[in-house]
Amino acid sequence: MAKVEFEIPELREYPEVPPIEVGAMAHLSPFIAKELHQEPLGFPAELKENWQEDAIEHMGELLGKYRSLQVFLDSCVKCGACTDKCHYYLGTQDPKNMPVARQDLLRKVYRRYFTFAGKYFPKLVGATDLTKEVLDDWYSYFHQCSQCRRCSVFCPYGIDTAEISMAAREIMDRIGLGQKYCNEIIGKVFKIGNNLGLPGPALEDTLEGLEEDVFDETGVEVKYPIDQKGANILLVTPSADFFAEPHVDGLIGYGKVFHEAGVPWTLSTKASEAANFGMFIGSYENMRKISMRIREAALELGVKRIVFGECGHAWRVAYSFLNTLAGPWDFLDQRYPVPQHICEFTYDLIQSDKDKPEGQKSLKFDKSLNDEMVLTFHDSCNVARATRMGNMPGGQFVIPREVIKAVCNNYVDMESGTTHEKTFCCGGGGGLLTDDLMELRVKGAKPRMEALSNVIEEFGVTNMAAICAICKAQFTKILPYYGMGMDMIVSVHQLVSNAILLTSQVEEKIEAKIEEHSTEEDAA
């Protein structure tokens, strides 16, 4: 862990509303995108000379395009219900990280230029001119929002701070003030196909290595195919799954599940990224361009189903927007959800196996293989508050937990006010998973670390599972700051991989039991 140049918050048993510290995070903002990051996305190379005029024009376009944005800007009554619900305010104490205060950075400008009272009596309604100082505040504090939408759960009017943050970021991008981290990543997807910039040969080499590792471990030839035409399923997964632990352990688990289910599947070099950072910057055009790669890959490979791997915001984009962005999907098999989450796929197999004799089950598990762990589960924001799984209300909460319980003997939930739709963000979502925002990421993780610390102390929890690539990457980096091991975070399908018994392994176990029984009979 690098030398800490900021104060790490002290963990308490329960979240406490901290005293206000004005300007506590005013010094922090992400690196600004350069020309090579801006132009592939269709944005100006640098801040335009007439940026103020253009920003106001673009705000007007967004207000006309998204009716919800104007409703959110008009309907706040300053009730205060959201003030202590943001993990960044709880961790940083900066009042501008209260959701209502962050919204007001845009709301004050909206009132100045788009309302009668703001145009003629600005001081009476808190309207503000769009100055360079205001723009600097926008750039800093709208990049201190992970768009987790927790505040919206508690808002009596349902104001979506995430949508306001997205709008502010899109306006800034359009006037030439983009964020390097997000825009550089989107450019890599356009050029190569994934966030990490891994070319096809590198992916093929990685997958061959996984096949060898699984064979060495199990003696079973589990395939991890790529660009396999005629496969039934196209797996679209975050590129982190090709690269590092615990992500890659989840990918190994996906392959084992498909293998045992007997379903032909494939990955794609063209669609080698489930993530869609276009959502983080509020750019519909870039979201659509990224999503179209999935459609093109599905058509080229002739698949019948699309399954998404463990990635929180990728599942939100897929579940909520994929049909609008890249549909219609009428060429896929309509008997299955379009799209489907890997947890839904595994859960459905587990459910269908319940009434089958042991020998006829698709998936067989030895839960004791995860007995060295006591698990808890982190509900990722975009899954929890912006999607659903299965055909039941709250399926996005039930299904991942049921998969974990099917493969683990030891599971406990964290405090109810910190899970499900009230879950706390990991602190690194929304395009903030960059080292230039490390102080924010550490401080923003405080509420989740408190809830985790409590179950560690009370129940002896050793590991926390998650189904989001950003959450896994964030926790791997953040846990040591709070005195916890970076390997505490695991993938849900890593647990599946640990416990699953591949067909030949089951046969070997049966033979061993028969031999053991015969030996006992001979001895008797």
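For the structure itself, consult the block above.
Overview of the structure. Every value quoted in this text rests on a predicted model; they were computed, and no experiment measured them.

Reading the values: rules and limits
- Residues numbered from 1 in each chain as written.
- Predicted model: local features only at pLDDT ≥ 70, side-chain atom pairs only at ≥ 80, totals over all residues.
- Heavy atoms only, no water.
- Helix = DSSP H or I, 4+ residues; strand = E, 2+ residues; numbered from the N terminus.
- Buried < 20%, exposed > 50% of the residue type's maximum accessible area, 1.4 Å probe, protein only.
- Contact = heavy atoms within 4.5 Å.
- Lys, Arg positive; Asp, Glu negative; His and termini not counted.
- Charge placed at Lys NZ, Arg CZ, Asp CG, Glu CD.
- Pairing = 2+ DSSP bridges.
- Axes fitted to C-alpha atoms, helices over the stretch in contact; angles between N-to-C directions.
- Core = buried A, V, L, I, M, F, W, Y, C linked by side-chain atoms within 4.5 Å.
- Phe/Tyr/Trp six-rings, centres within 6.5 Å; stacked < 30°, edge-to-face > 60°.
- Lys NZ or Arg CZ within 6 Å of the ring centre and 35° of its normal.
- Parallel < 35°, antiparallel > 145°, perpendicular 65-115°, else oblique.
- Left-handed = near helix turned anticlockwise from the far one by under 90°.
- Nonpolar A, V, L, I, M, F, W, Y, C, P; charged D, E, K, R; others polar.
- Expected span 1.5 Å × (residues − 1).
- 1 Å grid on protein atoms, 1.4 Å probe; cavity = no way out; pocket = protein on both sides within 12 Å on 5 of 7 lines; lining within 4 Å.
- Points joined across faces, edges and corners; volume = space filled by probe spheres on them.
- Polar contact = N/O pair within 3.5 Å; in protein donor to acceptor, adjacent residues only side chain to side chain.
- Patch = residues over 30% accessible without salt bridge, like charges linked within 9 Å, V, L, I, M, F, W, Y side chains within 5 Å.
- Areas by Shrake-Rupley, 256 points an atom, 1.4 Å probe, with all protein chains shown as cover.
- Salt bridge = Lys/Arg side-chain N within 4 Å of Asp/Glu carboxyl O.

### Re the overall build of the protein chain
Argument step 1. Check the secondary structure of the protein chain and you find 22 helices and 7 strands.
Argument step 2. The 524 residues of the protein chain split such that 57% are buried.
Argument step 3. Of all intrachain contacts in the protein chain linking residues separated by at least 6 positions in sequence, the fraction that spans at least 24 positions is 80%.
Argument step 4. Of the charged side chains in the protein chain, 54 are positive and 76 negative; the average position of the first set lies 9 Å away from that of the second.

### A look at the sheet that holds strand β3 (residues 305–308)
Argument step 1. Taken together, the 4 strands give an open sheet; going across it, the order is β2-β1-β3-β4, and neighbouring strands pair in parallel fashion. Each end of this open sheet is capped by a strand with a single partner; those strands are β2 (265–266) and β4 (340–341).
Argument step 2. Bridging between strand β1 (residues 233–236) and β3 involves 4 bridges; their strand directions are parallel. Considered in β3, the bridge of Ile 233 is made with Arg 305.
Argument step 3. Each of β1, β2 and β3 touches helix α12 (residues 247–261); the most contacted strand, β1, lies at about 170° to it.
Argument step 4. In this fold helix α14 (residues 312–326) packs onto β3 and β4, with an angle of close to 140° to the strand it touches most, β3.

### Brief notes about the nonpolar core
General note: in soluble globular proteins, nonpolar side chains tend to be found buried as a group.
Argument step 1. Counting 121 residues, the largest nonpolar core has Phe 258, Phe 277, Phe 308, Leu 375, Ile 404, Leu 452 and Leu 495 as the members making the most contacts within it.
Argument step 2. Residue contacts for Leu 452: discarding those within four places in its chain leaves Thr 376, Met 414, Val 461, Met 464, Leu 479, Met 484 and Met 488.
Argument step 3. Within the second largest apolar cluster, 41 residues are counted, among which are Leu 69, Cys 82, Tyr 89 and Met 98.

### Re the packing of aromatic side chains
Argument step 1. Under the defined criterion, the tally for this structure stands at 11 aromatic pairs.
Argument step 2. Between Phe 6 and Tyr 481, the ring centres sit 6.2 Å apart and the planes meet at 20°, which makes this aromatic pair stacked. With Phe 6 in the segment before α1 (35–38) and Tyr 481 in the loop between α20 (469–478) and β7 (489–491), the pair connects residues that are 475 residues apart, well separated along the chain.
Argument step 3. A relative accessible area of 17% places Phe 6 in the buried class.
Argument step 4. Among the aromatic residues, those joined into a ring-pair cluster are Tyr 224, Phe 258, Trp 265 and Phe 345.
Argument step 5. When the ring centre of Phe 424 is taken as origin, the NZ or CZ atom of Arg 150, which lies over that ring, is 3.8 Å away.
Argument step 6. Between Arg 305 and the ring centre of Tyr 336, over which it is positioned, the NZ or CZ distance is 3.6 Å.

### Some details on the environment of Gly 118
Argument step 1. If you trace the backbone, Gly 118 turns up in helix α6 (residues 116–120).
Argument step 2. For the pair Gly 118 and Glu 344, spaced 226 residues apart in sequence, the C-alpha separation works out to 49 Å.
Argument step 3. For Gly 118, the contacting residues outside a window of four places in its chain are Arg 111, Arg 112, Val 125 and Ala 127.

### Things to note about α20
Argument step 1. Counting buried positions along α20 gives 8 out of 10 residues, so the element sits mostly inside the fold.
Argument step 2. Taken together, the buried positions of α20 are occupied by Ala 469, Ile 470, Cys 471, Lys 472, Gln 474, Phe 475, Thr 476 and Ile 478.
Argument step 3. Those residues of α20 hidden inside the fold are in contact with α12, α14, α18 (438–444), α19 (446–459), β6 (463–466) and β7.

### A few points about the packing of helix α5 (residues 99–114) against helix α9 (residues 161–174)
Argument step 1. Two numbers describe how α5 lies on α9: the axes approach to 10 Å, and their chain directions differ by 40°. Classed by the angle they form, the pair α5 and α9 counts as oblique. The two elements α5 and α9 cross, and the hand of that crossing is left-handed. Contact with α5, carried on its side by Pro 99, Arg 102, Gln 103, Leu 106 and Arg 107, involves Thr 161, Ile 164, Ser 165, Ala 168 and Ile 171 of α9 and no other residues of that element.
Argument step 2. Counted by class, the contact of α5 with α9 contains 5 nonpolar, 3 polar and 2 charged residues.

### Some points on the sheet that holds strand β5 (residues 375–377)
Argument step 1. Strand order in the open sheet formed by 3 strands is β5-β6-β7, with parallel pairing between adjacent strands. The two strands at the open ends of the sheet, each matched to only one other strand, are β5 and β7. Looking at each pair of strands side by side, their axes are set apart by 40° on average, direction ignored.
Argument step 2. Inspection of the sheet shows β5 paired to β6 by 3 bridges, in the parallel sense. Residue pairing in the sheet places Thr 376 in a bridge with Met 464 of β6.
Argument step 3. Seen against the sheet, α20 touches β6 and β7 and runs at an angle of roughly 155° to β7.
Argument step 4. The sheet strands contacting helix α21 (residues 492–499) are β5, β6 and β7, and the helix crosses β7 at an angle near 70°.

### Comments concerning helix α13 (residues 284–301)
Argument step 1. Across its 18 residues, α13 extends 26 Å between first and last C-alpha, which sits within 8% of the 26 Å expected from 1.5 Å per residue.
Argument step 2. Burial in α13 covers these residues: Asn 286, Met 287, Ile 290, Ser 291, Met 292, Arg 293, Ile 294, Arg 295, Ala 297, Ala 298 and Leu 301.
Argument step 3. Of the surrounding elements, those touching the buried residues of α13 are α10 (180–191), β1, β2, β3 and α14.

### Looking at the layout of surface pockets
Argument step 1. Its boundaries defined by the atoms lining it, the largest pocket holds a volume of some 630 Å³.
Argument step 2. In terms of lining, the largest pocket is formed by 29 residues, of which the most central are Tyr 181, Leu 196, Ala 240, Leu 433 and Ala 473.
Argument step 3. Where the lining of the largest pocket is concerned, the elements lending two or more residues are α10 and α20.
Argument step 4. In terms of residue count, α20 provides more of the lining of the largest pocket than any other element does, 6 residues in total.
Argument step 5. Looking at side-chain class alone, the lining of the largest pocket contains 15 nonpolar, 6 polar and 8 charged residues.

### Overview of the side chain of His 313
Argument step 1. Relative to the assigned elements, His 313 resides in helix α14.
Argument step 2. A polar contact of 2.8 Å, which involves the side chain of His 313, links it to the backbone nitrogen of Asn 276.
Argument step 3. Discounting chain neighbours no more than four positions away, the residues touching His 313 are Ala 275, Asn 276, Phe 277, Met 279, Phe 280, Asn 382 and Ile 470.

### A short note on a negative patch on the surface
Argument step 1. Together, Glu 204, Asp 205, Glu 208, Glu 212, Asp 213, Asp 216, Glu 217 and Asp 227 make up a negatively charged patch on the protein surface.
Argument step 2. For Glu 212, the location among the structural elements is in helix α11 (residues 200–218).

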